[in-house]
Amino acid sequence: MKIQGIAEALRDAIAEEMKRDETVFCIGEDIAVPGGWGGAFTVTLGLEQKFPDRMIDTPIAELGFFGMAVGAAMMGMRPIADVQYGDFLFLASDQIINNASKMRYMSGGTCKVPLVMRAPIGATGRGSQHAQSMERYFTGVPGLKVVAVSNAYDAKGILKSAVRDDNPVLIFEHKLLYGSKGARREPGAVDAGSEIPEEDYVVPLDTAKVYREGTDVTLLGWLLMHHFNLLAAESLAGEGVSAEVIDVRSLSPIDYATIGASIKKTGRVVIVEEGPKTGGVSAEIAAGIMEHCGEFLQAPVVRVASPDVPVPFTPVLENAYRPDVPRIIAGVRSVLG
Amino acid sequence: MKIQGIAEALRDAIAEEMKRDETVFCIGEDIAVPGGWGGAFTVTLGLEQKFPDRMIDTPIAELGFFGMAVGAAMMGMRPIADVQYGDFLFLASDQIINNASKMRYMSGGTCKVPLVMRAPIGATGRGSQHAQSMERYFTGVPGLKVVAVSNAYDAKGILKSAVRDDNPVLIFEHKLLYGSKGARREPGAVDAGSEIPEEDYVVPLDTAKVYREGTDVTLLGWLLMHHFNLLAAESLAGEGVSAEVIDVRSLSPIDYATIGASIKKTGRVVIVEEGPKTGGVSAEIAAGIMEHCGEFLQAPVVRVASPDVPVPFTPVLENAYRPDVPRIIAGVRSVLG
Amino acid sequence: MSTTTTSPDPSAYERGFILDLYRRLVLIREFEERVKFLFLEGTMPGTIHQCQGQEATATGVCAALDLEDFIVSTFRGHGHALAKGLGVQEMLDELFGASTGCCKGKGGSMHMGNMEKGMIPAIAIVGGGIPLAAGMALAFKMKKTRQIAVCFFGDGAVAEGAFHEGVNMASIWNLPALFVCENNLYGASTHIGKVMKNTRVSDRAASYGFRGETVDGNDVLAVLEAARKAVAECRNGGGPVLLELLTYRRTGHSRRDPCHYQPKDEREAWFMRDPIERFAEVLLTRKDIERADLDALKSSVDDELTVAIEVAQQAPQPSAADLLTDVFA
Amino acid sequence: MSTTTTSPDPSAYERGFILDLYRRLVLIREFEERVKFLFLEGTMPGTIHQCQGQEATATGVCAALDLEDFIVSTFRGHGHALAKGLGVQEMLDELFGASTGCCKGKGGSMHMGNMEKGMIPAIAIVGGGIPLAAGMALAFKMKKTRQIAVCFFGDGAVAEGAFHEGVNMASIWNLPALFVCENNLYGASTHIGKVMKNTRVSDRAASYGFRGETVDGNDVLAVLEAARKAVAECRNGGGPVLLELLTYRRTGHSRRDPCHYQPKDEREAWFMRDPIERFAEVLLTRKDIERADLDALKSSVDDELTVAIEVAQQAPQPSAADLLTDVFA
Ligand SMILES: Cc1ncc(C[n+]2csc(CCOP(=O)(O)OP(=O)(O)O)c2C)c(N)n1
Ligand SMILES: Cc1ncc(C[n+]2csc(CCOP(=O)(O)OP(=O)(O)O)c2C)c(N)n1
Ligand SMILES: [Mg+2]
Ligand SMILES: [Mg+2]
């Protein structure tokens, strides 16, 4: 057992998968430059020394290198494509949605696209174009699997599952959870470190996970919001409110079995999401809950999310934009009625 | 009064706005080629003769010409940018979402982007990459208004409102509703023609509209699905079920006042959407209904949508993909319990 | 940038090989004509983009490839598919939406492909196949196979960012990718002269640091030789290469397009340069080939198509359950 | 493509004008140094991308523009903003997230702009500003104003599809757009030699059919003259023009980047070519300019910044209600 942050855990996961399987390679901007940073958030730092031929630094051309990753995957490689900020996925979205995700279906099941994509999201003092939550744009895209990693243990296990999966998988990571150190440390970062087993392990791509048991209300979240949910649950406990906290983790598909089991117990749900409320992933989860376990609901599902505005730069507004513990607690109070 | 189809009504609306305001111009692929087609669906046919300097045919470069439309709008022009198939919006999504929609906010309210964008959607025998419903990707994008036009009257009035609005507006149109004639006629097309007043009129960008009154259940839809809802309501009437049919029309923002008033009456809702169920606009509407008028719900909201698969080519599967009257009626039965 | 001007000597080829090239040209032409009829007649569903007049580009390029090599095609892909070796039956079945089609009826006219025959599903997003081909070539290079990736695209695709990004990466990494621009003067209804100032597409290669060449795309032997040279370069680490093949679309852009935007004199000039008629004349300069040989090939093509169409029209349609399969591997 | 080699004669300029250029260079340098300190000290929020070493590009280009002309900048935009005439105060206020900032604190370092001063909010998406600038130029042409749109971008942006699509349309429509590539040899940590085979960026213009020129970007007068020439061409319908300005980033790409990827000898060679020191020497060849004059300008800049920083640190922050404003017009 060792304690690692998400960046380290991802780095080890990538290295171990590259060692295990020669067809695995990384492609992205500034991921393997000697004297560089190992990508925008140090995840691939130093891997170019271990795998000089399989760490590919690209020009700044997201549409192009994501498309190349799709083509390489169709020819039997297992690329891990890295975008520096999730916001730039729009540039590659044609290749991700029109090509990678539809290819198998269009081909009548005759080809496959074993592609892993990694994207950091989250509002972190960088302004509107380096901040938005991108999960909403990919949840439910047919042919694409979408996951979000909230801690180092999941990050390593999920990345390994993604690499071994024969389908395109998009992994969302949060800038405030990497555990990047020293010069790369992010103001407002939250510790998402975990104990990492020595032995190889995987975490499935289609399951949510209960991190705290409770009986009065279910708190659903992922990435940074999951950590805030845990904090909120802690202080709610002080008020005698027993909250169950679930890391949704798998955003596409969504694990309604785990979520439903919890709601059957609590009858009340608050979904917490960083990003504009309208059209967010929370909308799908709320609608899905009605369909899958609506009969257990004792109150309408409550969504706690950001307002429908772009991400502002100034810290006072950015902090008001991002749901926080007080707003989560307020949401719980409202659902408890 | 004259009867027109959507394509004709849009053409007149564009011509009238270009006549009224010299800053209005059209930009897109194959929109103004003599001997050409007036865009993929004849909407701008012949306008190059009326406005030779303001009908701009572009290279095939969606990211580029949408970006140019944004820049021109910021400098006081009022561009109408046309994409041949909605599926190609992914290529332009960086300019639409990262630039056009955020620009005013990033500038602290010091600039504006009076931009109109038009995109045809819908499964029409063309295969996976010329078929998908794109509304889901833009509903809820802060700073962007999204509408869908289901008939010629709305098409003309909404396009005029969009041109006169100082914000980016994305208008979705359906390939089976244009009323294109002769060689351009679409198999499976549905008549969406309307009586069009001689005088200038506008339709607001933020309102839903009740097209049929009812008391037992509310049917929500837009574009082709709205027409199917009307057919379903008709046959439900035969069974003694009174369905209220609302064209949601404004997808961002969503008009919960009109929707809520109906639900207050009926207590039951079926949302019908063309496109994969998971993560669709119906998810937002369902979640929003719970928040805005959940207390009136006598049964969980039911969504009738396409399965979570890409659009298949072969007609037998495409027809199974697209929600139809029988499936809508089945959805109504289930919500009536 | 250089241009191949003199046409290769037809007598330099083995008779069987060169007649096979001719049959392929005729097969593509007749396939398209039959499909057009079936479509206009209303028995064939969907929409179609056809390549009458451009048969020599697909035929010449694919004749220079091995089965293991892969091509990436477009919405206008019937000719590429036939040239790469897809069967008439699997293609007609696909066009009729049958479950026996090369994509089980899920792909259709714009997404024809067959992984066994070295053709991924065609990409209908203009330019969208170019980064894919570069990535396929990257895979071949990393795996040290001798395969190459060939990407067909039109003059209209050159304006797309995907072209720019894809060919640049293929160039900086010297990938075994052959980029084939079928320059038929139009992107849909828009003339190339309206969308680029320098309409010599092959010139673009130089600005990315690799070799480009313009070839008479209606001379199948000229295309073949240019492709053979380019393929050899790619296999030997000298890739990528950009081939611009000058040709012309004799039919509508899609469906019922009457092509009013094509000037009459331009059409007529190009009709005089029909790739099949020209090749027939070239073949007949050989002692060992008679008009009768060509006629025989033509009628064998006709018979093959007639039978295949009958079979395709009876081919089984997918069942509703198939709607939900083939989404994930 | 041509390269301006000989540096213009400094005595050919009016004393006040040329000293103003010098002051602007110093202002940008000192502004960046102060900001860097405030950032490292931890009192300034967010992230920063700075332009120490590149001051002559922004200064030289903007000195050739009118107030009515518009520039489009990038994440590395402080120098462009100061050169185009944004005030030190509105910029520092913005960097401190104050409601008195040029974007009310909502934009921040990467989105500085002021519509009154001819600068739209800077675009932090690499290459994303290029189509915008082309569109702005299209608007100017359609409205028949004499304005031009100037787009600053780095060498790294040249690989983006947005560059390709944007400059091509500017070219085919002869738009009054000046594309200024600040080639500082690196895109983030990646050397230009890794991402393009022909690293002479100005060569690209020819393949799109317009004029490109490479200029010593650390010679402010050379930049000024090349910009004046290009601006005149654009105003007279001869646009667009691509100027490649060779320069070097003396500081980290962003935040605390130690630049270990920049070879020591390369750094030192460029430090010898510092645009401010070089211009100082040039100025001192004039009879009418003394070292004391330059020192006086430097200290006036220091004083201006000291005061502005104190004011900015006290500037009012937005109230929570402001979160919801400025979304729609
Ligand atoms: C990204 C994208 N934009 C637009 C279209 C619509 N479209 C289909 S074919 C075509 C013209 C393509 O021209 P070219 O590349 O020259 O190929 P050709 O049709 O001449 O074979 C267009 C605009 C598309 N399919 N994809
Ligand atoms: C589309 C996009 N991809 C990646 C980034 C991350 N990024 C920010 S600056 C930069 C390097 C830009 O290099 P260059 O264009 O040369 O400008 P310079 O930093 O040298 O001024 C990168 C990769 C981005 N902001 N936008
Ligand atoms: Mg063409
Ligand atoms: Mg640079």
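Summary of the structure given here. These numbers were taken from a predicted model, which means no experiment stands behind them. (Residues numbered from 1 in each chain as written. Chains lettered and ligands numbered in written order. Predicted model: local features only at pLDDT ≥ 70, side-chain atom pairs only at ≥ 80, totals over all residues. Heavy atoms only, no water.)

Considerations on the overall build of chain A
Consideration 1: When helices and strands are counted, chain A shows eleven helices and 14 strands.
Consideration 2: Relative to the 2.2 N^0.38 estimate, which gives 20 Å for 337 residues, the radius of gyration of chain A is 19 Å and therefore close to what a compact globule would have.
Consideration 3: Taken over the C-alpha atoms alone, chain A extends approximately 60 × 50 × 40 Å along its principal axes.
Consideration 4: Going through the 337 residues of chain A one by one, you find that 74% of them count as buried.
Consideration 5: Here the analysis covers contacts within chain A between residues at least 6 apart in sequence; of these, 81% occur between residues at least 24 apart.
Consideration 6: Taking the average location of the 32 positive side-chain charges in chain A and that of its 42 negative ones, the two points are 1 Å from each other. (Helix = DSSP H or I, 4+ residues; strand = E, 2+ residues; numbered from the N terminus. Rg over C-alpha atoms; globule rule 2.2 N^0.38 Å. Buried < 20%, exposed > 50% of the residue type's maximum accessible area, 1.4 Å probe, protein only. Contact = heavy atoms within 4.5 Å. Lys, Arg positive; Asp, Glu negative; His and termini not counted. Charge placed at Lys NZ, Arg CZ, Asp CG, Glu CD.)

Side note on the coordination of the magnesium ion (ligand 3)
Residue and element names in this part refer to chain C.
Consideration 1: Only Asp155 (OD), Asn184 (OD1) and Tyr186 (O) from the protein reach the magnesium ion (ligand 3) as donors, at distances of 2.0 to 2.2 Å.
Consideration 2: Written as a sequence motif, the donor residues of the magnesium ion (ligand 3) are D-x28-N-x1-Y. Here aspartate 155 is found in the loop between strand E3 (149-154) and helix H6 (161-172), whereas its partner tyrosine 186 is found in strand E5 (residues 186-187), with 31 residues between them in sequence. The burial state of aspartate 155 is the same as that of tyrosine 186; both residues are buried. (Donors = N, O, S within 2.8 Å, 3.2 Å for Na, K, Ca; no water.)

Quick notes on the interface of chain D and chain A
Consideration 1: Of the residues lining the interface, 40 residues belong to chain D; the matching set on chain A comes to 37 residues.
Consideration 2: Interface area, chain D with chain A, both sides summed: about 2900 Å², of which 65% is carbon and sulfur.
Consideration 3: In this assembly, chain D and chain A are joined by one salt bridge.
Consideration 4: As a salt-bridge pair, aspartate 57 of chain A and lysine 194 of chain D come within 2.8 Å of each other at their nearest N and O atoms.
Consideration 5: Counting across the interface, chain D meets chain A through ten residue pairs in polar contact (both at pLDDT 80 or more).
Consideration 6: Of all elements in the fold, only helix H4 (88-95) and helix H7 (192-195) of chain D reach the threshold of two or more residues within the side of chain D that touches chain A.
Consideration 7: Split by residue class, the side of chain D that touches chain A holds 17 nonpolar, 15 polar and eight charged. (Buried area = accessible area lost by both parts, 1.4 Å probe. Salt bridge = Lys/Arg side-chain N within 4 Å of Asp/Glu carboxyl O. Polar contact = N/O pair within 3.5 Å; in protein donor to acceptor, adjacent residues only side chain to side chain. Nonpolar A, V, L, I, M, F, W, Y, C, P; charged D, E, K, R; others polar.)

Notes on the coordination of the magnesium ion (ligand 4)
Residues and elements named next belong to chain D.
Consideration 1: The magnesium ion (ligand 4) binds to the protein through Asp155 (OD), Asn184 (OD1) and Tyr186 (O), with metal-donor distances spanning 2.0 to 2.2 Å.
Consideration 2: Counting gaps between the donor residues of the magnesium ion (ligand 4) yields the pattern D-x28-N-x1-Y. Here the two residues asparagine 184 and tyrosine 186 agree in accessibility, since each one is buried.

Overview of the packing of aromatic side chains
Consideration 1: Evaluation of the coordinates by the stated rule reveals 34 aromatic pairs over all chains.
Consideration 2: Consider the rings of phenylalanine 163 of chain C and tyrosine 208 of chain C, whose centres lie 6.2 Å apart with planes at 75 degrees: the pair is edge-to-face. Of this pair, phenylalanine 163 of chain C sits in helix H6 while tyrosine 208 of chain C sits in helix H8 (residues 203-208), and the two are 45 residues apart along the sequence.
Consideration 3: Classification of phenylalanine 163 of chain C as buried rests on a relative accessible area of 1%.
Consideration 4: One aromatic cluster is present, built from ring pairs that chain together Trp37 of chain A together with Tyr186, Tyr248, Tyr261 and Trp270 of chain D.
Consideration 5: Sitting above the plane of the phenylalanine 328 of chain D ring, lysine 145 of chain B keeps its charged end 5.4 Å from the centroid. (Phe/Tyr/Trp six-rings, centres within 6.5 Å; stacked < 30°, edge-to-face > 60°. Lys NZ or Arg CZ within 6 Å of the ring centre and 35° of its normal.)

Some thoughts on the site of ligand 2
Consideration 1: Taken together, 22 residues are adjacent to ligand 2, and Glu62 of chain A together with Arg76, Ala124, Gly156 and Asn184 of chain D come closest.
Consideration 2: Neighbouring residues of ligand 2 are not confined to a single chain but are spread across chains A and D.
Consideration 3: Within the backbone of valine 126 of chain D, a nitrogen or oxygen atom sits 3.0 Å from a nitrogen atom of ligand 2.
Consideration 4: At 3.1 Å from an oxygen atom of ligand 2 is found a side-chain nitrogen or oxygen belonging to aspartate 155 of chain D.
Consideration 5: Within the complex, 97% of the 580 Å² of free accessible area of ligand 2 lies under protein.
Consideration 6: Along the lines of polarity and charge, the residues of the shell around ligand 2 split into ten nonpolar, seven polar and five charged. (Near = heavy atom within 4 Å. Areas by Shrake-Rupley, 256 points an atom, 1.4 Å probe, with all protein chains shown as cover.)

Some remarks on the packing of helix H1 (residues 15-41) of chain D against helix H2 (residues 55-62) of chain D
All names here are of chain D.
Consideration 1: For the pair H1 and H2, the least separation of the axes is 9 Å and the interaxial angle reads 140 degrees. Relative to H2, the element H1 lies oblique. Between H1 and H2 lies a crossing of right-handed hand. Side by side, H1 and H2 meet where Leu21, Arg24, Leu25, Ile28 and Arg29 of the first sit next to Glu55, Ala56 and Thr59 of the second.
Consideration 2: In terms of residue class, the contact of H1 with H2 is built from four nonpolar, one polar and three charged. (Axes fitted to C-alpha atoms, helices over the stretch in contact; angles between N-to-C directions. Parallel < 35°, antiparallel > 145°, perpendicular 65-115°, else oblique. Left-handed = near helix turned anticlockwise from the far one by under 90°.)

Some words on the sheet that holds strand E10 (residues 217-221) of chain A
All names here are of chain A.
Consideration 1: Across the sheet, which stays open at both edges, the five strands sit in the order E9-E11-E10-E13-E14 with mixed pairing between neighbours. Edge positions in the sheet fall to strand E9 (209-212) and strand E14 (302-306), since each has one partner strand and no second. Taken over all neighbouring pairs, the strand axes of this sheet differ in orientation by 25 degrees on average, direction set aside.
Consideration 2: In this structure, strand E13 (residues 269-276) lies alongside E14, joined through four bridges in parallel fashion. For valine 272, the partnering residue across the bridge sits in E14 and is valine 304. (Pairing = 2+ DSSP bridges.)

A look at the site of ligand 1
Consideration 1: The environment of ligand 1 is formed by 22 residues, the closest being Glu62 of chain B together with Arg76, Ala124, Gly156 and Asn184 of chain C.
Consideration 2: Lying at an intersection of chains, ligand 1 is approached by residues of chains B and C.
Consideration 3: Within the side chain of glutamate 62 of chain B, a nitrogen or oxygen atom sits 2.6 Å from a nitrogen atom of ligand 1.
Consideration 4: One of the backbone N or O atoms of valine 126 of chain C is found 3.0 Å from a nitrogen atom in ligand 1.

As for the relation of the copies chain A and chain B
Consideration 1: Aligned on chain B, chain A shows an RMSD of 0.0 Å; the corresponding rotation is 180 degrees and the shift along the axis is 0.0 Å. Here the copies are linked by what is in effect a two-fold axis.
Consideration 2: By residue overlap, the copies meet face to face through one surface: 100% of the interface positions of chain A are interface positions in chain B. (Least-squares fit on C-alpha atoms with pLDDT ≥ 70 in both.)

Here we look at the nonpolar core
Consideration 1: The biggest cluster of nonpolar side chains holds 343 residues, and the ones touching the most others in it are Phe138, Phe172 and Ile289 of chain A together with Phe138, Phe172 and Ile289 of chain B.
Consideration 2: For this core, the leading source of residues is helix H5 (residues 129-142) of chain D, giving ten residues.
Consideration 3: If sequence neighbours within four positions are ignored, isoleucine 289 of chain A has contacts with Leu220, Tyr256, Ile259, Ile263, Val269, Ile271, Gly294, Leu297 and Val301 of chain A. (Core = buried A, V, L, I, M, F, W, Y, C linked by side-chain atoms within 4.5 Å.)

Regarding the pairing of strand E4 (residues 78-82) of chain A
Residue and element names in this part refer to chain A.
Consideration 1: In terms of residue burial, E4 counts as a mostly covered element, since five of its five residues are buried.
Consideration 2: Here E4 shows no split at all, with Arg78, Ile80 and Asp82 on one side and Pro79 and Ala81 on the other all buried.
Consideration 3: As judged from the five bridges shared by strand E2 (residues 24-28) and E4, these two strands associate in the parallel manner. For isoleucine 27, the partnering residue across the bridge sits in E4 and is alanine 81.
Consideration 4: Of the pairings in the sheet, the one linking E4 to strand E5 (residues 116-121) comprises three bridges and is parallel in character. Within E5, the residue paired with isoleucine 80 across the bridge is valine 116.
Consideration 5: Handedness of the crossover is the feature at issue here: the chain leaves E4, passes through helix H4 (residues 89-106), returns alongside E5, and the resulting connection is right-handed. (Right-handed = clockwise from strand over helix to strand, strands pointing away.)

Quick word on the pairing of E14 of chain A
Consideration 1: Counting buried positions along E14 of chain A yields five of five residues, so the element is predominantly enclosed.
Consideration 2: The parallel pair E13 of chain A and E14 of chain A is bridged by helix H9 (residues 281-293) of chain A, and the resulting crossover is right-handed.

Topic: the sheet that holds strand E6 (residues 145-148) of chain B
Residue and element names in this part refer to chain B.
Consideration 1: Overall, mixed pairing links the seven strands, which are arranged E3-E2-E4-E5-E7-E6-E12 in an open sheet. Strands at the two margins of the open sheet, each flanked by one partner only, are strand E3 (55-57) and strand E12 (250-252). On average, adjacent strands in this sheet sit at an angle of 20 degrees to one another, irrespective of strand direction.
Consideration 2: Each of strand E2 (24-28), strand E4 (78-82) and strand E5 (116-121) touches helix H3 (residues 62-74); the most contacted strand, E4, lies at about 165 degrees to it.

Topic: the packing of helix H1 (residues 6-20) of chain B against helix H5 (residues 152-164) of chain B
The angle between the axes and the distance between the axes are what describe a pair of packed helices.
All names here are of chain B.
Consideration 1: With their axes 8 Å apart at the nearest point, H1 and H5 run at an angle of 30 degrees to one another. Accordingly, the angle class assigned to the pair H1 and H5 is roughly parallel. The hand of the H1/H5 crossing is right-handed. On H5, the residues touching Ile6, Ala9, Leu10, Asp12, Ala13, Ile14, Glu16, Glu17 and Arg20 of H1 are Ala152, Ala155, Lys156, Leu159, Lys160, Val163 and Arg164.

A short note on the environment of proline 34 of chain A
Consideration 1: One can find proline 34 of chain A in the loop between E2 and helix H2 (47-50).
Consideration 2: Sequence spacing of proline 34 of chain A and glycine 46 of chain A is twelve residues, and the spatial spacing of their C-alpha atoms is 7.8 Å.
Consideration 3: Contact partners of proline 34 of chain A, with chain neighbours within four places excluded, come to Glu48 of chain A together with Tyr261 of chain D.

Topic: the environment of arginine 278 of chain C
Residue and element names in this part refer to chain C.
Consideration 1: By the element assignment, arginine 278 lies in helix H11 (residues 275-284).
Consideration 2: Those residues in contact with arginine 278 that sit more than four places away from it in its chain are Asp216, Asn218, Asp219 and Arg273.
Consideration 3: For arginine 278, the side chain forms a polar contact with the side chain of aspartate 216, separated by 2.8 Å.

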